[in-house]
Structure formats: C-alpha cells, structure tokens
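Secondary and tertiary structure notes
So you can see what is in the structure, the chains are spelled out below.
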Amino acid sequence: METPKRNKEDANSLSTLDEDEEFDFAKLPIRQPRSLNIERQRSCDDKSLCEMNHLTINILSPRPSFKNPDSTKATDHLDTTRSGLGTPHSLNSSDLSIEAWDALRRSLVYFRGLPVGTIAALDHSEEALNYNQVFVRDFFPSALAFLMHKEPEIVKNFLMKTLRLQSWEKTIDRFKLGEGVMPASFKVLHDATRDSETLIADFGESAIGRVAPVDSGFWWIILLRAYTKSTGDTSLADMPESQRGMRLILSLCLSEGFDTFPTLLCADGCCMIDRRMGVYGYPIEIQALFFMALRCALTLLKQDDEGKEFVERIVKRLHALSYHMRSYFWLDFQQLNDIYRYKTEEYSHTAVNKFNVIPDSLPDWVFDFMPTRGGYFIGNVSPARMDFRWFCLGNCIAILSSLATPEQSTAIMDLIEARWEELVGEMPLKICYPAIEGHEWRIVTGCDPKNTRWSYHNGGSWPVLLWLFTAACIKTGRPQAAKRAVELAEARLLRDSWPEYCDGKLGRYIGKQSRKFQTWSIAGYLVAKMLLEDPTRLGMVSLEADKQMGPLIKRSASF
C-alpha cells in the first residue's frame, strides 16, 4: 500500500485521512483462513426488549451534537439504535448497568455512517479540549465492552481506521516520527460544503507537553488479539496491512541501540500518566504493556519470511525482558531488606547492587507500606534510581500478561488486600501510591497544578482501573475482592456522574478538574460487571504463562 502524501499547507500540521484516500476495509469478508486455537466467547443470556420497557432511563447529561450518518445535517443526539441493538437486554442486574450502556452508546463517533470509536468524555460543563476525540488508549475498555456484548464491527472499524492513520507521514516541528507510531487520538471533521468527512489524527503534535504516545501501538496489538480471540475471525489480523502495521510497531521497539537493558526507554508522559510525573526511563506501565504486546504479536504474526524474523526477535526479547523485570523490578519484604543492606560502588559481574542504588535513597514510606506477605513491581529501575511507587495499571497488566509469575501474582493481590485502604479506598483505584508533595512535587512535576497531591496522576483514584483489577482478581482466583471493589464504585459512579478521577487519600471527592461522563469510567465499570458475570470472557485480555519463560528468580519470604 502506497503511503499518501501529506498536505504541507495544513495550518494545524495535523494528520488527516480524506474520503478520496480511504480504503474501504468494512467490505472485507469475514473468514477464518487459519487456526489460532481461538475459542468463541459464550454469549450472555438474552431477554426480550419488552421486558425492559417498564424501566425508565434517565439521560443524565445533554446529548452531544454529532454528525448523523443518514443526513448531511448535524443532530442534537446520537441514534443509539444504529448499531442494531438498543440498551443491552442481557445486562439487567441493575439500573446502573442500563444507564452505563445508554451513556456508552451516546459516546459513539461515526465516520461515513459507521461507528469508529467513542469520545473521551461527554461533559458539556467543561471546555472540550481534546476530550471530544477518540483516543486509542481510552477506547480499549469500550472495545472490550462491545466485544463482550457481541458487537465486534465497532471494534473492527476502529482497528482499521487507526491502522490507516498509522501509515500517514508524521512530522512535528520538522522532525519526522517513526513509521510505526500509532496516533494518540483522532477526530472526525465534517465539511458541509463538500458534504465530506475527514479523519484528523494527533500523534503528539497537539498534546499537552508534545509527547508521542508509546502505549498506543501496544494497546492496538492487544486489542487486535482480543478481537480475534472474541470473534474467531482471523482475517483481520491476516491482512497484509495488519501484518505490516504490527511489524512497524515492533520495529520501533525491537531496534538495537546503545541501551544495555531489554526494557524500553521512553519519555515522561508517554502512557496513561501523560504528564510529567517522573516516569521517564523505564516505567512499569510501558514495560508490562510492551511484554503483553510482544506475546500477543506472537499469536498474530504469520510465519512467512518477514514474520519469522520478527518472531525470533520477539522470543529473544521476551526471555531477556521477563528475566530483567522479575529480577530487578520486583520488590517484597525480603528484597527490600536486601536493598536496605546494599553496598555501593561494586564492580564486575559479581556485583549484587548492579544499578548502584544508594540505600539512603529508599523513601521512609516504603518500610511501613510493605507487608510481611506481599509484593509488587516497582515503578522504575535505572542507574542509581529506583522509583518505589506503586502503579496499578502496570501491576495488573503484569498479572494478565503472565509477566508476573504465579507466585508474584499472588503476592501482588496479597499486597492490595493488605493495603486496601491506601490502594482502593472509597473509589477504586489509586493510579499510583503514594502522592508526591512539597519540594519533591515542585521538582518532579514542574509545579503542575493539576497534579497536586492525591489528585489526577499524583495519587488520584481512577474508576477505569476497575476492569483491570477485576480481571486480575479473576485470574488469581479472588473474585470476592473484585466484587467488593465494584460495590464500592456502584455506590458513587452514578451519583457522581461517572467522573474521570477522584481526589483525596481515599478517593472521596470528585476530582477538581475531573470530566464527568468520562467514557472509559463507564466502559470500565461495564467490563468489570461482565467479567464477574461470565469469567470465561477473561480470555480476551489474559495470557497463560509460557513455560519456556518459567520463573527465573529465587523464591522469597513473600511466597
């Protein structure tokens, strides 16, 4: 496929996709050309729509103005029946689920009559900024919800549109980004004069801080695998365009350079924590997503000449990455005590303190935080630096991807239950713990007023993490912990109008700049509920341990 040329006169320097240049992927046939040992998910129990007619659905916010696919005029609402289903009739456990589905459907974005994603938030009380765009990262829980509800076409459309945008030439301030970079987000522009629609993508050139998203490509590969696992349709992954897209992403990550670590070096603000928060270097979130994307790619790449080369590189990287993460990022009571007694300035291969970490750099809080039984992957490891903060997404993905060994997965859950008040509180779940404040906050965040202590990325509570926690709980055999967290969220989510995040040590307050009707808060709740209803759905986002990459670390007291 030839890469189209970019319009150099574009005043906003944004990547666009015009209707004349669009390949119609929607016409692709559904087929199963090869076996990937994929099992179809069990559908939910159906009930007739008439059984729900007595339920009153309250619309909690003004409906957004979107382009109606069936008309050239904008409408003041989004047709929730266009996908062929109204409010889902298989989820009738509570009115809250019905409200959530209605809100999720109102967030759908259409491109030439087809749903291609969901906007970040429907909050009309705040300035739109880029919350009215479709984010690759944000759409993931929405995609899972639609897949679990047997509506895969929405996900298919999204995957193909973002793949098409990946092929666009990406230039920021005269500097060309790598071919494999996936967009952070995109939006649909309607030209009433030409009666045409155009996709406009943001690769970081419009983002706060101008940071390209490292995680978008990983989420895309993981979602492609989830789509394939859910539907049994391998034709999408088998397309030459999809195979090339995966190889481009992997080329960026597997390239050889000066780094002596198998982990992926990246900038601050390149993941879910998309502002300066001291996660530069080798953040756990990126490493866990990197690991999972590599494993998903192994199941999706064809064994042709180009595919074989990448498979070999992936296998080698996975072995090195799993050893590095399990050995150096893992922290439990015994390992903490070992670091506390480290000697410094060690030389040669026999060094125990390989990163020359000064024991005096250990923060006081970690000694009280660490239970006797339990452990977790710390936030970052690099020369003379260990970030001991807890990061929820990275640890949950480590469990789901089997980056964490079974013993480590158990220890992570032990830690969460032992420190429930700190990590779960009154609104699940803390994005990181603890918050940084005072002089450290000024230095690390650059005095960012949005990231004050116990707010936003700095110790805020994010409802979207509920689905990740639920999935991790089910995989480790602790569904009761997930149910407890879901019940906490149910007491607040509708009352607080589905906030983006909550503030305070316990997550008691709606975030000071939190958007309401945040789509991934809505979708995260629905996915958590559906996982608890049918745990077999976990297969979409969970990978079993690879015995060839078995535990390479010594058992500790936590196990």
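Here we summarise the structure given alongside this text. Computed from a predicted structure; not experimentally measured. (Residues numbered from 1 in each chain as written. Predicted model: local features only at pLDDT ≥ 70, side-chain atom pairs only at ≥ 80, totals over all residues. Heavy atoms only, no water.)

All right, on to the overall build of the protein then. A tally of regular secondary structure across the protein gives 17 helices and 18 strands. In the protein, buried positions account for 59% of the 559 residues. Residue pairs at least 24 apart in sequence account for 73% of intrachain contacts in the protein once pairs closer than 6 positions are excluded. Summed over its atoms, the accessible surface of the protein is roughly 23600 Å², and 50% of this surface lies on carbon and sulfur atoms. (Helix = DSSP H or I, 4+ residues; strand = E, 2+ residues; numbered from the N terminus. Buried < 20%, exposed > 50% of the residue type's maximum accessible area, 1.4 Å probe, protein only. Contact = heavy atoms within 4.5 Å. Areas by Shrake-Rupley, 256 points an atom, 1.4 Å probe, with all protein chains shown as cover.)

Below, the discussion takes up the environment of Asp 546. Relative to the helices and strands, Asp 546 resides in the segment after helix H17 (519–533). The exposure class of Asp 546 is partly exposed, given its relative accessible area of 29%. Taking C-alpha positions, Asp 546 is 9.4 Å from Arg 295, a pair spaced 251 residues apart along the chain.

Another aspect to go through is the pattern of salt bridges. For the structure on display, the rule yields 15 salt bridges. Notably, a salt bridge pairs Arg 275 with Asp 448, separated by 3.0 Å at the nearest N-O pair. Placement of the pair is Arg 275 in the loop between helix H6 (240–254) and helix H7 (284–300) and Asp 448 in the loop between helix H14 (438–445) and helix H15 (465–475), with a sequence separation of 173 residues. Overall, the relative accessible area of 10% leaves Asp 448 in the buried class. Overlapping salt bridges, with partners in common, bring together Asp 414, Glu 417 and Arg 478 in one network. (Salt bridge = Lys/Arg side-chain N within 4 Å of Asp/Glu carboxyl O.)

Moving on: the environment of Ala 212. Relative to the helices and strands, Ala 212 is located in the loop between strand S10 (196–202) and helix H4 (215–231). Taking the relative accessible area as the measure of exposure, Ala 212 reaches 27% and is therefore partly exposed. Note: C-alpha distance between Ala 212 and Ile 172 (40 residues apart in sequence) is 9.9 Å. Look past the residues within four positions of Ala 212 in its chain and what remains in contact with it is Leu 177, Phe 203, Gly 204 and Cys 270.

With 13 residues, helix H2 (residues 136–148) should reach 18 Å at 1.5 Å per residue; the first-to-last C-alpha distance of 18 Å fits that figure. At Ser 142, H2 is bent by approximately 25 degrees, the largest bend along its length. Across the 13 residues that make up H2, a large majority, 13, are buried. (Expected span 1.5 Å × (residues − 1). Bend = angle between axes of the 7 residues up to and from the residue.)

Tracing the backbone shows Arg 326 in helix H8 (residues 305–329). A polar contact is formed between the side chain of Arg 326 and the backbone oxygen of Ser 402, at a distance of 3.1 Å. Within the structure, Arg 326 has its side chain in polar contact with the backbone oxygen of Leu 403 (distance 2.8 Å). (Polar contact = N/O pair within 3.5 Å; in protein donor to acceptor, adjacent residues only side chain to side chain.)

Time to look at the pairing of strand S4 (residues 108–111). Two faces belong to every sheet, and in a regular strand the side chains alternate between them. The two faces of S4 match: Leu 108 and Tyr 110 on one face and Val 109 and Phe 111 on the other face are all buried. With four bridges connecting them, S4 and strand S5 (residues 114–118) associate as antiparallel partners. In the sheet register, Tyr 110 faces S5, and the bridge partner there is Pro 115. Count of turn residues in the S4/S5 antiparallel hairpin: two residues, of which Arg 112 carries a positive phi of about 55 degrees. (Pairing = 2+ DSSP bridges.)

A separate point is the packing of H2 against H4. Helix-helix packing is described using two parameters, namely the angle between the two axes and the distance between the axes. Contact pair H2 / H4: the axes reach a minimum separation of 10 Å and the direction vectors enclose 10 degrees. What the angle tells us is that H2 and H4 run roughly parallel. Contacts from Val 136, Arg 137, Phe 139, Phe 140, Ala 143, Leu 144 and Leu 147 in H2 reach Asp 215, Ser 216, Trp 219, Ile 222, Leu 223, Ala 226, Tyr 227 and Ser 230 in H4. (Axes fitted to C-alpha atoms, helices over the stretch in contact; angles between N-to-C directions. Parallel < 35°, antiparallel > 145°, perpendicular 65-115°, else oblique.)

The next subject is the packing of aromatic side chains. Scanning the model with the defined rule gives 24 aromatic pairs in all. Ring geometry for Trp 462 against Trp 520: centres 6.1 Å apart, planes inclined by 85 degrees, an arrangement best described as edge-to-face. Of the two residues, Trp 462 is situated in the loop between H14 and H15 and Trp 520 in helix H17; the sequence distance between them amounts to 58 residues. Each member of the pair, Trp 462 as well as Trp 520, is classed as buried. Linked through ring pairs, Trp 365, Phe 369, Tyr 376, Trp 390, Tyr 433 and Trp 454 together constitute an aromatic cluster. A cation over a ring is seen here: Arg 313 above Phe 310, with NZ or CZ 5.3 Å from the ring centre. Cation over ring: Lys 450 sits above Tyr 456, and NZ or CZ is 4.3 Å from the ring centre. (Phe/Tyr/Trp six-rings, centres within 6.5 Å; stacked < 30°, edge-to-face > 60°. Lys NZ or Arg CZ within 6 Å of the ring centre and 35° of its normal.)

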